[in-house]
Every structure is written in structure tokens, then in C-alpha cells.
Amino acid sequence: MMNVPPIRVPLLVPMVPDRSALWPYLGRMDEARHYTNFGPLVRELESRLRQRFASHTEHQMYVTTVSNATLGIELTLNSLNLPAGSPVLVPALTFVATITAVIRAGYVPVVADIDPDNWLLTPEIAAAAVKATGARAAVVVATFGYPQDTRCWSEFQKQTGVRIVIDAAAAFGNQWVVAADVPVVFSMHATKSLPAGEGGFIVSGDASINMLICQKSNFGINLTPDADVPVGYLSSAGTNAKLSEFHAAVALASLDSWDEQAIQRQRLYQRYRAVLEKSCGEVLTWQTGPAPTAPTSFCLRLGSEAARTNLETLCQEQGIATRRWYQPLLHRHAPEIGKIVVLPVPDAEKVATDLIGLPFFLNMSDTQIELVATAVQRAVSHTPSLHQTT
């Protein structure tokens, strides 16, 4: 039987509020005897989030919670009322939820390339992809939490007529919604910077979009008295994607300590990166763009596929967890997932050859950082000891 070393440095450690932080909210929930169906804690969470986002734009903001971000993307796409089978752009480098949400919304994903430096789908890349495929919408991803510019995408939307949805699952605190006409979807999964265990929410400046998403999250039942159908009647085929009061309680407790934890995440990221840059010089390549406010992952390129393989071997031997984030690329998954259109993605393929995710979590010690940095330094320098390790 193969000897597997114990994990000394895990990849992620979720930081969900403990029972003492949750108790005031759980107590309120029990007193109200309201556990789901748009309860008071859900409404409070939406209100507090709305206030945060409103401080970054001149427009009125609307926030709608859902049971998870994947359904949030799907329902947001459904709310655009595109013709069935419409082509929708997605970047090649993203989590699979982006493409499954498009398929489940009844559309055809068009896998497009990314910028070689910031690793994002950009308006320039999207313009060429729209011209080649006639795409009607795009799910633009804030990859690894690096933000998208909603103003640029709003202008793109106005010029092309292509509807934009931003998948900012890992970007709470980094991604703001400055433009009113671009809905942005966030995750509250346990590994995100605002954890609720599970959950998500959609922010936009368009009340009609958020109202539709809310309605579709409640089976599609109309609850608006002045709508075309009576209250209580189905107005569309929705699903059950409501956020429970339990998850809202966790999210509210997370929000209470969010600012302090964001500072801790920033400091950890800066210290970690400084150690790696000191030990590995200019060999490493980092994602370009604004420094993350509340990072939840730590990804970089190692300079070659061989260096990544070397690092993975070293880390496995030393109990250091790593991950090839978002690989295989979307178009390399099994064809059984559904019909997709694949454009040339040379930059995504290149980035994927040596991209690696390293451990990153709150309370990561300096000793753990040094262990990782030493492994990276050995891997990229191809030291003889790499091949002598047993």
C-alpha cells in the first residue's frame, strides 16, 4: 500500500463564523419562527449588502440572494429573455459552474480566449468572438477574484447589444458594480471571503432584473399585485433557489467581521508574495490587475510545464496541497455536457501549461509559507536534490 504523507499545508481552510458569532442571529430566527421564504434575516442581509455596493456608485443598487452562485448565474441569464439556444460567450479559464449555468439556462456556450496577462475575458476579445459567432450574451468572469470593469462592459453592451453578466463568485470586496446595467453574481460558498456555507447574491442597478431573479428563485410564482398574472400564479418556470434564514445568519455573522478579515487576507497575500519573489526572482508570473482586497486563492505561473510537474511532485512528498485551478479548460471536458462552440484559445492554453494554485488561508503561518516557498524555489531552479528526493 502506498504511503501518503500527512497534509502539513492544506490548500484551503474555510473560515465560517463560530457558534458564538452565529448565536444572536440564530436566536432571532427561532424567535421569529421564520426559516426560509424571504425571511427577516435574508432581508437584512440584502439591505446591508445593498448599502455596501451603493457607496461605490451613483446609481441605486438592488441585491437579490439565492441558494448558490451557480443558480444565480443561471437565473440571471434566464432573466435576460434571450431566444432559446442563443450563443453565450464564456472564458476558457474558469470554474465549470460558468458553463453549466449557461447550458442549464437553455443557451449554447461559446468558449473564448483570455488576455495573456490578466487572464480575463476582455471587451476586445469578446468583440472578435461576437463577430465570429453572433453571440447574444457573455458571462464575464472575475477570475481568481480579479475585478472586471463594469463601466467598460456597460459600454460594450450598449455598442453591441450583447448582454453582459459578470460571474464574480470569488470577488466579493474586489468587484464593485459601478454601471447600473450590468448584473454581477457573487458566491457565499464556505471558501469565499463572505462565507455562508452555501449561498450567493446578484447585484445590479436594474430593479426589473432583480425582481425577475427573485421571482424565478421562488418557482416562478408571481408575488407582485400589479403584474400581468394574479398573485400566486406561475408567471414563468422557475426553480427553488431561495436562500434560507440559516445561511443568511451565517452570512450576516461573516459580514460583521468581514473588514477585519479582509485586512488579514491582504497582509497574508502581500507577505506570501514577497517571500516567493525574494526566493524565485523573476521566474514567476503573476496575474496583472488591481491588487485583490480580500483574496481567497493564491495562483501564479511557474515558467514551464516541467517546473509545475516538479513542484507537484515535491509538494506531494512533503504534504503540501496544490491545485491546477480551472483545469482542464472548459472545452476539454467531456462532450456529453452539451453542445458548445469552441473558438481558438491559444492564450488560455499557454496560461494553463504552468498555472498552479498554492495553499492560501487565514492564519497560514510563516513556517508554512516558507515550506511552500522552498518547494517552489527548488522546482523552478531544477536543483539536483529534486531528483534525489525519496
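Residues numbered from 1 in each chain as written. Predicted model: local features only at pLDDT ≥ 70, side-chain atom pairs only at ≥ 80, totals over all residues. Heavy atoms only, no water.

Undergrad: Help me get a handle on the packing of aromatic side chains, residues and values and all.
TA: Across all of its chains, the model carries 18 aromatic pairs by this definition. Look at phenylalanine 53 and phenylalanine 186: their rings are 5.3 Å apart centre to centre, the planes differ by 50°, and that puts the pair in the tilted class. Of this pair, phenylalanine 53 sits in helix H2 (residues 40-54) while phenylalanine 186 sits in strand E6 (residues 184-187), placing them 133 residues apart in sequence. The burial state of phenylalanine 53 is the same as that of phenylalanine 186; both residues are buried. With a centroid separation of 6.2 Å and an interplanar angle of 65°, the aromatic rings of phenylalanine 53 and phenylalanine 201 are classed as edge-to-face. One end of the pair, phenylalanine 53, is in helix H2; the other, phenylalanine 201, is in strand E7 (residues 200-204), with 148 residues separating them in the sequence. (Phe/Tyr/Trp six-rings, centres within 6.5 Å; stacked < 30°, edge-to-face > 60°. Helix = DSSP H or I, 4+ residues; strand = E, 2+ residues; numbered from the N terminus. Buried < 20%, exposed > 50% of the residue type's maximum accessible area, 1.4 Å probe, protein only.)

Undergrad: Lay out the environment of aspartate 149 in plain terms, naming residues and giving numbers.
TA: Mapped onto the secondary structure, aspartate 149 falls in the loop between strand E4 (137-141) and helix H6 (150-160). Separated by 28 residues in the primary sequence, aspartate 149 and valine 177 have C-alpha atoms spaced 8.4 Å apart. Within the structure, aspartate 149 has its side chain in polar contact with the backbone nitrogen of arginine 151 (distance 2.9 Å). (Polar contact = N/O pair within 3.5 Å; in protein donor to acceptor, adjacent residues only side chain to side chain.)

Undergrad: Report on the environment of arginine 136, specifying residues and quantitative values.
TA: Within the secondary structure layout, arginine 136 lies in the loop between helix H5 (123-133) and E4. The class for arginine 136 is partly exposed, based on a relative accessible area of 40%. The spatial distance from the C-alpha of arginine 136 to the C-alpha of proline 83 is 9.0 Å, given a sequence separation of 53 residues. Aside from chain neighbours lying at most four places away, what touches arginine 136 is Leu82, Pro83, Ser86, Pro87, Gly161, Val162 and Arg163. (Contact = heavy atoms within 4.5 Å.)

Undergrad: I'd love a proper account of the pattern of salt bridges, names of residues and values included.
TA: Using the criterion set out here, one finds eleven salt bridges in the structure. Across the pair aspartate 149 and arginine 151 runs a salt bridge, and its minimum N-O distance is 3.5 Å. For arginine 324, the salt bridge is made with glutamate 312, and the minimal N-O distance between the two is 2.7 Å. Separated by twelve residues along the polypeptide, arginine 324 in the loop between helix H10 (305-318) and strand E9 (341-342) and glutamate 312 in helix H10 bring together distant segments of the chain. When its relative accessible area of 33% is taken as the criterion, arginine 324 is described as partly exposed. For glutamate 312, a relative accessible area of 19% puts it in the buried group. (Salt bridge = Lys/Arg side-chain N within 4 Å of Asp/Glu carboxyl O.)

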